[in-house]
Amino acid sequence: MRVSFEVNGHEVTADNVWPGESLLYVLRERLGLPGSKNACEQGECGSCTVYLDGVTVCSCLVAAGQAQGRAVRTVEGLAESGDLAERRLSPVQEAFVEAGAVQCGFCTPGLLVQTDDLIERTVGQGGGVPDEAEIREHLAGNLCRCTGYEKIIDAVRLAAERTAAQRDGGGPA
Amino acid sequence: MSGLLENTSTRAIGADIGRVDGPAKVTGTATYAFEHQLNAPAYLHPIQATVVRGRVREFDTRDAEAVPGVLTVLTHDNAARLADIGDAELAVLQSDEVAHRGQVIGAVLAETPEAARQAVRLVRVHYEERSHDVRFSAARTDLYTPGEAEDDEQGDLAGAMASAPVTVDHTYTTPMEHNNPMEPHSTIAVWEDAGLTLYESTQGVHSVRSTMAELFGLDPERVRVIAPHVGGGFGSKGPLHPPVVLAALAARLLPGRPVKLALTRQQMFDLVGYRSPTIQRVRLAAEPDGRLTGIGIDVTAQTARFKEFLEQAGKPTEVMYAAPNRRITHRLAALDVAPPTWMRAPGECPGMFGPEVAMDELAVACGVDPVELRVRNEPGTEPASGRPFSSRNLVACLREGARRFGWQDRDPEPRRRMEDGWLVGTGVAASTYPTGQMPGSVAAVRFEDGHYHVRIGAADIGTGAWTVLTQIAADALGVPVTAVRLRIGDSSLPSASLAGGSTGTVSWGSTIVAAAQAFRERHGTAPADGAEARAGLPDNPNRERYAMHAFGAQFAEVRVHADTGEVRVPRLLGVFAAGRIVNPRTARSQFIGGMTMGLSMALHEDSVVDPRFGCVVNHDLAEYHIAANADVVDLQAHWIDEADPYVNPLGAKGIGEIGIVGTAAAIVNAAYHATGVRVRELPMTLEHFLA
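Nothing here was measured: the structure is a model prediction, and the numbers come from that model.

### Description of the overall build of chain B
For chain B, the helix and strand inventory stands at 17 helices and 26 strands. Taking 2.2 N^0.38 as the reference for a compact globule, 691 residues should give roughly 26 Å; the C-alpha atoms of chain B span a radius of gyration of 26 Å, in line with that estimate. Considered along the principal axes of its C-alpha atoms, chain B spans approximately 75 × 70 × 50 Å. Evaluated residue by residue, chain B yields a buried proportion of 64% over its 691 residues. Taking the contacts inside chain B whose residues are at least 6 apart along the sequence as the reference set, 82% of them involve residues at least 24 apart. By element, 47% of the accessible surface of chain B is carried by carbon and sulfur atoms, the whole surface being about 23,200 Å². Taking the average place of the 64 positive charges on the side chains of chain B and the average place of its 83 negative ones, the gap between the two points comes to 2 Å.

Okay, here's the thing in structure tokens:
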């Protein structure tokens, strides 16, 4: 079957998609977007997290056909300019590098999308910086084998604070 | 040892520099093995044995071959013959024998992974089944002494036990565990006239190259292995395992086309090794003040009947404490299982569980503070070898950790503190890991376009090699980090040893220092464009003279719910003495990550084998639990300034593994202090407290 949807603002089409294929597979193997990772294929680890119409999902558990006509946003779409060559990182991406929240990097894309979502739902909606319990709850579905999580939580807090400062001050923190 | 490093004005070593590979990793553009964009790939899915032991009589592949998109069914009948390199695990598809359940007995190559997977399900395999035995026990009558670990006896431990006023004699167990790096083992293999190219998730591109060249009878120059980014390894991506061989066998049947193989998480439990379970009888003989007169550990571990691997859990007992009488033994149970392999701190990690819990039991028996007990048994030289330590700061770590943790007000009596229904306790354990160095690395430095291009085939499995090697090169050349362009992760670069045994940074870094010195000697400080020099890792004669190890102390606070037995670890604090720290940001990640994996070992990790079926039944991340963010609350890693002039020109010790050593013992000791219940097996789950 043919599946057409939007990825990171661009219309894409994949042909000859087998109905059982996952959205993750189509992104990685057909559309050349390997940023979302395949680490468990059963929704346990969160490494494949993407936005589907603004809601975060494990793309390994979404059939490609379910994305028909909808909008997907992946880690490749988080950079602010949308231009990876320029490497203008989003506040979330910047904070992860700065806080030392990245090691092997395989869980990182899923965590970034999930963190982006948390900040959008809190600071982005005019709310305050999420507290530690909110951060932990929101990232509960993302496993990491390297970092020990501590620096990830620091990074989320840092990104949220900077986003709030930017919003309130009208400029970069 | 190195005036070059001491006199540098740039001082990149020790600087808190962000990860060089960070921007690529957070934008999703860091390329892992399976993600290299190659034209028209085919996909491979393994066929795995569904019996534990026997032989394949016949494959019926008609239905599988009828699946649209299937290209080939690969079995021992049509697989290429490989050279016998003395590693039975890598003799993939070389016979019809089945040595363990889940073993690769074939594969389907297809246009899509879905077709390959579906076809595998349709292959009917007829076996000649034989009886099997996967029961691991120290009571087996067929245990044997492995050749690489003869019994090590000094003095008379039995005599010391008989005459000592205080003794501890208990058996401790650690379970089978699986490495489970987040990135499953993956390969893209391309077989062309020019040779074999492998995009591989590996801890060492050159070791993959040499082993694959040998297996396939190729000149090593005709094998290229590429691995710029690797999604974790923790040992399982160190030695080669069957999947990479399988991918190359399949690629050979499809010349010119890339063949892609990514293991599923479930297959990771069958095909790429694991940490052997251990049974450890630990004996301590002591004076009433806690001074040891004897120490012994008798280790039983398992191995595969068809390939030996020894988990050397007795090793740390050679290093840790002074005692005139010492006995260290290893026995192996050869079972019809897949071969165990390295998992983060092999030997030391399980081997510091039993002894460090036993030391806590001795502290209780003698009424001596467990920190003080360890200080009292500090040796002057390495106990088993008699060699002086190049540096040993265990006592400093214990003292500094005790101060930071607030140990001094601790009431030694167990089960004294209850808060909101939770029993609260604290515990301590020591850490150690050898400071090794692997031979064989070469680095090249070339000046071009205003930059120093430093090339070495090192691997970054998340450790920070991209970053710290850039820093080391900068200081060795006396230039800012921005003037260095590093290339690693490709076997076309100068040869590098693998990332294992916490030797990566020190081996590759010392090689880069030698290459930088050679460059400056030949080309001076104003080199011409195109100036180049290379050097290999120099011998370090101090390695013969000194015992070289890193040390640490870990402190844990544990809460056990008085009614439910639920265990929580609200605080974990480690202090390490590991020589010079090259980059505090990446170093802290390594220590904390190791401690978290130790916490995971203490509370969760347990690969459960069903003896009837001979395989791990909890073979996915839903059932094999690893620490999640809720498990990690207040986790701190600190280090003391340690100058070691002997270990290497950097004065650095490897830090990738020591963080996991001792953690589980500290947590178990804290749980005893909280509850009065002594747990001697891992993982420590709630049922231990509900008896």
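### Describing the sheet that holds strand 4 (residues 97-98) of chain B
One open sheet holds the 3 strands; their spatial order is 4-2-6 (chain B), and the pairing between them is antiparallel. Each edge of the open sheet is held by one strand with a lone partner, namely strand 4 and strand 6 (124-129) of chain B.

### Here we look at the domain arrangement of chain B
All names here are of chain B. Assigned domains of chain B: these are domain 1 (22-30 + 438-539), domain 2 (33-131 + 180-271) and domain 3 (152-176 + 275-436 + 545-689). Taking the mean C-alpha position of each, domain 1 and domain 2 sit 32 Å from one another. The partner domain 2 presents 20 residues to the 19 residues of domain 1 that form the contact. On the domain 1 side of the interface with domain 2, the three residues burying the most area are Ile-461, Ser-491 and Leu-498, jointly 39% of the side's total. Where Asp-490 meets Arg-224, a salt bridge forms, and the shortest distance between an N and an O atom there is 2.5 Å. Inspection of the domain 1/domain 2 interface yields 10 residue pairs in polar contact (both at pLDDT 80 or more). Class assignment for the residues of the side of domain 1 that touches domain 2 results in 9 nonpolar, 7 polar and 3 charged.

### Some details on the packing of aromatic side chains
All names here are of chain B. Scanning the entire structure with this criterion turns up 15 aromatic pairs over all chains. When the ring of Tyr-172 is compared with that of Phe-353, the centres are 6.4 Å apart and the planes differ by 85 degrees; the resulting orientation is edge-to-face. In this pair, Tyr-172 is assigned in strand 8 (residues 166-174) and Phe-353 in helix 10 (residues 353-366), connecting sequence segments 181 residues apart. A residue is classified by how much of its surface remains accessible, and Tyr-172, at 0% relative accessible area, is buried. Note on Tyr-452 and Phe-519: the rings are 5.7 Å apart at their centroids and 80 degrees apart in plane angle, and the pair reads as edge-to-face. Of this pair, Tyr-452 sits in strand 19 (residues 451-455) while Phe-519 sits in helix 14 (residues 504-523), placing them 67 residues apart in sequence. Given the relative accessible area of 5%, Tyr-452 is considered buried. The aromatic ring of Phe-34 is capped on one face by Lys-260, whose charged end is 4.2 Å from the ring centroid.

### Considering the nonpolar core
Grouped together as the largest cluster of nonpolar side chains are 144 residues, with contacts concentrated most on Phe-96 of chain A together with Leu-284, Leu-292, Leu-362, Phe-591, Ile-667 and Met-684 of chain B. It is helix 16 (residues 584-603) of chain B that provides the largest number of residues to this core, a total of 9 residues. Within the second largest apolar cluster, 43 residues are counted, among which are Ala-79, Val-244, Ala-247 and Ala-251 of chain B.

Scoring rules and cut-offs
Residues numbered from 1 in each chain as written. Chains lettered and ligands numbered in written order. Predicted model: local features only at pLDDT ≥ 70, side-chain atom pairs only at ≥ 80, totals over all residues. Heavy atoms only, no water. Helix = DSSP H or I, 4+ residues; strand = E, 2+ residues; numbered from the N terminus. Rg over C-alpha atoms; globule rule 2.2 N^0.38 Å. Buried < 20%, exposed > 50% of the residue type's maximum accessible area, 1.4 Å probe, protein only. Contact = heavy atoms within 4.5 Å. Areas by Shrake-Rupley, 256 points an atom, 1.4 Å probe, with all protein chains shown as cover. Lys, Arg positive; Asp, Glu negative; His and termini not counted. Charge placed at Lys NZ, Arg CZ, Asp CG, Glu CD. Pairing = 2+ DSSP bridges. Domains from an automatic or database assignment. Buried area = accessible area lost by both parts, 1.4 Å probe. Salt bridge = Lys/Arg side-chain N within 4 Å of Asp/Glu carboxyl O. Polar contact = N/O pair within 3.5 Å; in protein donor to acceptor, adjacent residues only side chain to side chain. Nonpolar A, V, L, I, M, F, W, Y, C, P; charged D, E, K, R; others polar. Phe/Tyr/Trp six-rings, centres within 6.5 Å; stacked < 30°, edge-to-face > 60°. Lys NZ or Arg CZ within 6 Å of the ring centre and 35° of its normal. Core = buried A, V, L, I, M, F, W, Y, C linked by side-chain atoms within 4.5 Å.

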